[in-house]
Amino acid sequence: MHRDQGGYLVETETDTLPARHVVIATGNNAEPVIPSLPAIEAFNGRRLHSADYTEAASFDSQSVLVVGMGNTGAEIALDLAEGGARPTLSVRRGVHIVPRQLFGIPIQMIALASRPMPRALNDRLFPIILDVALGRLGTYGIVRPKQGILEQVEAGRIPVIDVGTVWAIKSGGIKVAPDIECFTTRGAIFVDGRPAEFDSVILATGYRPGFEKFLPVDLRPGKSGVTRQASELGVYLVGFHNPVTGLLREIGREAVAVSAGSLKRTRASAALWPRRSGCDLAIRRQIFEASS
């Protein structure tokens, strides 16, 4: 993608498309992140990223190590436990876990209601409330981070929304282990010195946006939604900010704002065009109609 006569040319594998505005909505999870883990190439069992995980059936009766306890890792571990496997979750650092509903109210609604409160107060209250709702999970090897929930969300780390994983951990269907010291041919050794054998390893190690491959540095608006830089460039990001109130809600808000912002920019640009002929007027009319 590059600039062209006040607009852009976007090149695909088969076409080159002109555009006055470009919206990047490929999401934060476009490309799997595969970290360099100590001696993982020594492991002789099945190894895959969570992006390639489809169902638990092919892991039936297997001992499976799931590396990473974000939402993806937690849900895969639960699916494995329910599908007849013996999963272990390796939790590298502390993690916040929240229920899907708190006292019958969706957690997103509670997050919305608590937004006017100071962040420090929220971060003090939530651990107390969550201990009541989910129990003290430190007993099962899940440590709460020093950073509060809202502080982590602002840094881009979303809490795990529990859909049954906590119950499976408490009942023994899912084991919890600390970070990995290194892999062996038949399994792994954890940082607490404990070895364990596994048939398969699933890397639930996250994703990256990936738009840096096709979007030059000078055309990146920096933040998701409508910003001054995005409006000046005519290049917008949608769906790259995941607040505590929920990604889908945020995408809807950003989409409306970007639509209005691009229309405003189009009208401002068209107003600056000189009136040279009837053709110019016809072109401007077409732009207004297309933008409305």
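We now turn to the structure provided with this report. Quantities reported herein were computed from a predicted structural model and do not represent experimental measurements.

### A short note on the overall build of the protein
Helices and strands together make up the secondary structure of the protein, namely 8 helices and 19 strands. Expressed along its principal axes, the backbone C-alpha trace of the protein runs to roughly 80 × 45 × 30 Å. Within the protein, the proportion of its 292 residues that are buried is 39%. When contacts within the protein are restricted to residue pairs at least 6 apart in sequence, those whose partners lie at least 24 apart make up 65%. For the protein, the accessible surface area stands at approximately 16500 Å², while carbon and sulfur atoms represent 53% of it. Positive and negative side-chain charges in the protein, numbering 33 and 29 respectively, have mean positions lying 9 Å apart.

### With respect to the sheet that holds strand β16 (residues 195-197)
The 3 strands are arranged β14-β15-β16 in an open sheet whose pairing can be described as antiparallel. Edge strands, defined here as strands with exactly one partner in the open sheet, are β14 (180-183) and β16. Going across the sheet, the axis of each strand differs from the next one's by a mean of 25 degrees, ignoring polarity. Taken together, the 3 bridges between strand β15 (residues 187-190) and β16 define a ladder with antiparallel strand orientation. Following the sheet pairing, A188 is matched in β16 by A196.

### Focus: the sheet that holds strand β1 (residues 2-4)
Strand order in the open sheet formed by 3 strands is β1-β2-β3, with antiparallel pairing between adjacent strands. A single partner strand is all that each edge strand has here, and the edge strands are β1 and β3 (16-19). Sheet twist, expressed as the average angle between the axes of neighbouring strands with direction ignored, equals 35 degrees. Direction of pairing for β1 relative to strand β2 (residues 7-11): antiparallel, over a ladder of 3 bridges. Bridged to H2 within β2 is L9.

### Quick notes on the environment of Y207
With respect to the helices and strands, the residue Y207 is situated in strand β18 (residues 207-208). Each C-alpha atom of the pair Y207 and V33 lies 4.9 Å from the other, and the pair is 174 residues apart in sequence. In this view, Y207 contacts N28, N29, A30, E31, P32, V33, H49, S50 and A51; residues no more than four positions away in its chain are not counted. Within the structure, Y207 has its side chain in polar contact with the side chain of S50 (distance 3.3 Å). Polar side-chain contacts of Y207 include one of 3.3 Å to the backbone nitrogen of A51.

### Brief notes about the nonpolar core
Counting residues in each nonpolar core, the largest one holds 28 residues, and the members touching the most others are M69, L80 and I97. Of all the secondary-structure elements, those providing two or more residues to this core are β7 (63-67), α1 (71-82) and α5 (165-170). Looking at this core element by element, the count peaks at 5 residues for α1. Contact partners of M69, with chain neighbours within four places excluded, come to A74, L89, S90, V91, V95, I97, I142, V160, T165 and I169. In terms of nonpolar packing, the next biggest core, distinct from the first, is built from 13 residues, I40, V67, F190 and V201 among them.

### Observations concerning helix α3 (residues 119-134)
Taking 1.5 Å of rise per residue, the 16 residues of α3 would be expected to cover 22 Å, and the 22 Å separating its terminal C-alpha atoms lies within 8% of that figure. Every buried residue of α3 is listed here: N122, D123, F126, L130 and L134. Those residues of α3 that are buried are in contact with β9 (97-99), α2 (107-114), α4 (149-154), β12 (160-162) and α5. Downstream of α3 by one or two residues, G135 has phi in the positive range, about 90 degrees.

### A look at the side chain of D123
As for its placement among the helices and strands, D123 is situated in helix α3. With sequence-adjacent residues up to four places away left out, D123 is seen in contact with G148, I149, L150 and E151.

### Some details on a nonpolar patch on the surface
On the surface, a cluster of nonpolar side chains totalling about 250 Å² of accessible area is made up of L121, L125 and I128. Note that L121 resides in helix α3. Of the residues examined, L121 reaches a relative accessible area of 35% and is grouped as partly exposed.

Rules of the game
- Residues numbered from 1 in each chain as written.
- Predicted model: local features only at pLDDT ≥ 70, side-chain atom pairs only at ≥ 80, totals over all residues.
- Heavy atoms only, no water.
- Helix = DSSP H or I, 4+ residues; strand = E, 2+ residues; numbered from the N terminus.
- Buried < 20%, exposed > 50% of the residue type's maximum accessible area, 1.4 Å probe, protein only.
- Contact = heavy atoms within 4.5 Å.
- Areas by Shrake-Rupley, 256 points an atom, 1.4 Å probe, with all protein chains shown as cover.
- Lys, Arg positive; Asp, Glu negative; His and termini not counted.
- Charge placed at Lys NZ, Arg CZ, Asp CG, Glu CD.
- Pairing = 2+ DSSP bridges.
- Axes fitted to C-alpha atoms, helices over the stretch in contact; angles between N-to-C directions.
- Polar contact = N/O pair within 3.5 Å; in protein donor to acceptor, adjacent residues only side chain to side chain.
- Core = buried A, V, L, I, M, F, W, Y, C linked by side-chain atoms within 4.5 Å.
- Expected span 1.5 Å × (residues − 1).
- Patch = residues over 30% accessible without salt bridge, like charges linked within 9 Å, V, L, I, M, F, W, Y side chains within 5 Å.
- Salt bridge = Lys/Arg side-chain N within 4 Å of Asp/Glu carboxyl O.

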